[in-house]
Amino acid sequence: MNDSKPEAVPTDAAPAPKAAPPAHLPRPINTIKAIGLMFVAVTLFAGLDTSAKYLATQSGLPIVQIVWSRFTGQFLLMLTFLSSLPLSELLATRKLKWEIFRSLMMAGTTGCNFIALQYLRLDQTITVVFLAPLVVALLAGPFLGEWVGWRRLVAILVGFCGILIVVRPGFHSLHFAFIFAFGTMLTYAIFMLLTRYLAAFDKPLVMLFYSILIGTFGLMPFALWQWVWPQTIGQWALLSILGMLGGTGHYFFIHAYRLAPASILSPFLYVQLISMVGFGYFVFHDLPDIWTLIGSGVIIGSGVYLLHRERATRAEARLTDPI
């Protein structure tokens, strides 16, 4: 309010305290901490895949048992840390059918991924999964109305060429496990599309809770039917920490995006390839072949360019918006 006559201020008055910043201003970006959390998150995800591959290939445990243990562990972890919240709050969704379908996609991508890991190297599976953001950008037009321009469309096509370099169809016999790797990528892309859609309706904790329900309860009878008792303490330990690796990784992942925008953090998702190569070498003595390295480089380059174009497009939209 502006008064017609200013008040007289005594000369010996104490200096006025500094005004607090307006409440509407966004929180300051903590880029270093966010990038650190992203590094930890993708390393935990790599540890999850490595543990699952070890249990399936070295311990001979059924895939459905490993998948169910991963989801059940995260479910128990969430109940422990969110015990102060009523269950009704975690189940308070406005889009129940879509949350259930998203949970089904989460179970599908985990199952396909663990099956592929039985036969493929860690670096091969993650390279195929790196195609998911490009598929999301392609499908966001018909499903979410977010159409891409010709530059981003070219980047998506180049990314698909990167997958052809990795798989090299026609140059050698295509391993059937690549079908499950592509299944992992497609179900994960649908999962991400649903996440973007449901974020406008449900809280993050609600979405995180629903995402593990199908894997926890839907797979329970199949896991118990095929259950094989672990033979060593190490096998029990790996089976027990699957949920912790996945749940903690997702928590750090979400927290990182609260501290910095996606345009800064998304390129660091590809650091997971380094973690996968490292775990693959030290645990399974695997090294990526030259075609996987070239193909992953093409896919990563396409993904980074796609992020650059998205940032540029948003900046142009802000400049052209009327004030």
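For the structure itself, look to the data block above.
Conventions used here
- Residues numbered from 1 in each chain as written.
- Predicted model: local features only at pLDDT ≥ 70, side-chain atom pairs only at ≥ 80, totals over all residues.
- Heavy atoms only, no water.
- Helix = DSSP H or I, 4+ residues; strand = E, 2+ residues; numbered from the N terminus.
- Expected span 1.5 Å × (residues − 1).
- Bend = angle between axes of the 7 residues up to and from the residue.
- Buried < 20%, exposed > 50% of the residue type's maximum accessible area, 1.4 Å probe, protein only.
- Core = buried A, V, L, I, M, F, W, Y, C linked by side-chain atoms within 4.5 Å.
- Contact = heavy atoms within 4.5 Å.
- Phe/Tyr/Trp six-rings, centres within 6.5 Å; stacked < 30°, edge-to-face > 60°.
- Salt bridge = Lys/Arg side-chain N within 4 Å of Asp/Glu carboxyl O.
- Polar contact = N/O pair within 3.5 Å; in protein donor to acceptor, adjacent residues only side chain to side chain.

Engineer: Looking at this model, I keep getting lost on helix 12 (residues 233-259). Mind explaining?
Structural biologist: Side chains of residues three or four places apart in an α-helix project in the same direction, reflecting 3.6 residues per turn. End to end, helix 12 covers 38 Å across 27 residues, agreeing with the expected 39 Å (1.5 Å per residue, within 8%). Along helix 12, the sharpest change in direction is near 35° and occurs at Ile-241. Residues Gln-235, Leu-239, Leu-242, Gly-243, Leu-245, Gly-246, Gly-247, Gly-249, His-250, Ala-256 and Leu-259 constitute the buried set of helix 12.

Engineer: How should I be thinking about the nonpolar core in this particular structure?
Structural biologist: Generally speaking, a soluble globular protein has its nonpolar side chains buried in company with each other. Core analysis: the biggest nonpolar cluster contains 67 residues, and Ile-66, Phe-114 and Phe-130 have the highest contact counts within it. It is helix 8 (residues 177-198) that provides the largest number of residues to this core, a total of nine residues. Those residues in contact with Phe-114, other than ones at most four positions away along the chain, are Leu-48, Asp-49, Ala-52, Ile-63, Ile-66, Val-67 and Arg-70. In terms of nonpolar packing, the next biggest core, distinct from the first, is built from ten residues, Val-42, Ala-256, Ala-260 and Val-271 among them.

Engineer: What exactly am I supposed to notice about the packing of aromatic side chains here?
Structural biologist: Between two aromatic rings, the relevant description is the distance of the centres plus the angle of the planes. Tallied over the entire structure, the rule returns 15 aromatic pairs. For the pair Tyr-251 and Phe-252, a centre-to-centre distance of 5.9 Å together with 55° between the ring planes defines the contact as tilted. Of the residues examined, Tyr-251 reaches a relative accessible area of 53% and is grouped as exposed. Given the relative accessible area of 22%, Phe-252 is considered partly exposed.

Engineer: Sorry if this is basic, but what is going on with the pattern of salt bridges here?
Structural biologist: Pairs may arise between side chains of opposite charge once their charged atoms sit close together. With the rule as written, the count across this model stands at three salt bridges. Of the charged contacts, one joins Arg-121 and Asp-289 as a salt bridge, the two residues approaching to 3.3 Å between their closest N and O atoms. Pair noted here: Arg-121 is in the loop between helix 4 (96-117) and helix 5 (122-129) and Asp-289 is in the loop between helix 14 (272-284) and helix 15 (290-320), with a separation of 168 residues, a long-range link. Judged by relative accessible area, which is 16%, Arg-121 ranks as buried. A residue is classified by how much of its surface remains accessible, and Asp-289, at 24% relative accessible area, is partly exposed. Shared partners join several salt bridges into a network, and the residues in it are Arg-121, Asp-123 and Asp-289.

Engineer: It is not clear to me how the side chain of Ser-59 should be interpreted in this structure. Could you clarify?
Structural biologist: You can see Ser-59 is positioned in the loop between helix 1 (31-57) and helix 2 (63-81). The class for Ser-59 is buried, based on a relative accessible area of 17%. A polar atom in the side chain of Ser-59 sits 3.4 Å from the side chain of Gln-235. Every residue in contact with Ser-59, bar those within four places of it in the chain, is listed here: Tyr-54 and Gln-235.

Engineer: Please clarify how the environment of Leu-85 should be interpreted in this entry.
Structural biologist: The residue Leu-85 is located in the loop between helix 2 and helix 3 (87-90) in this model. Residues in contact with Leu-85, not counting those within four places in the same chain, are Leu-90 and Leu-205.

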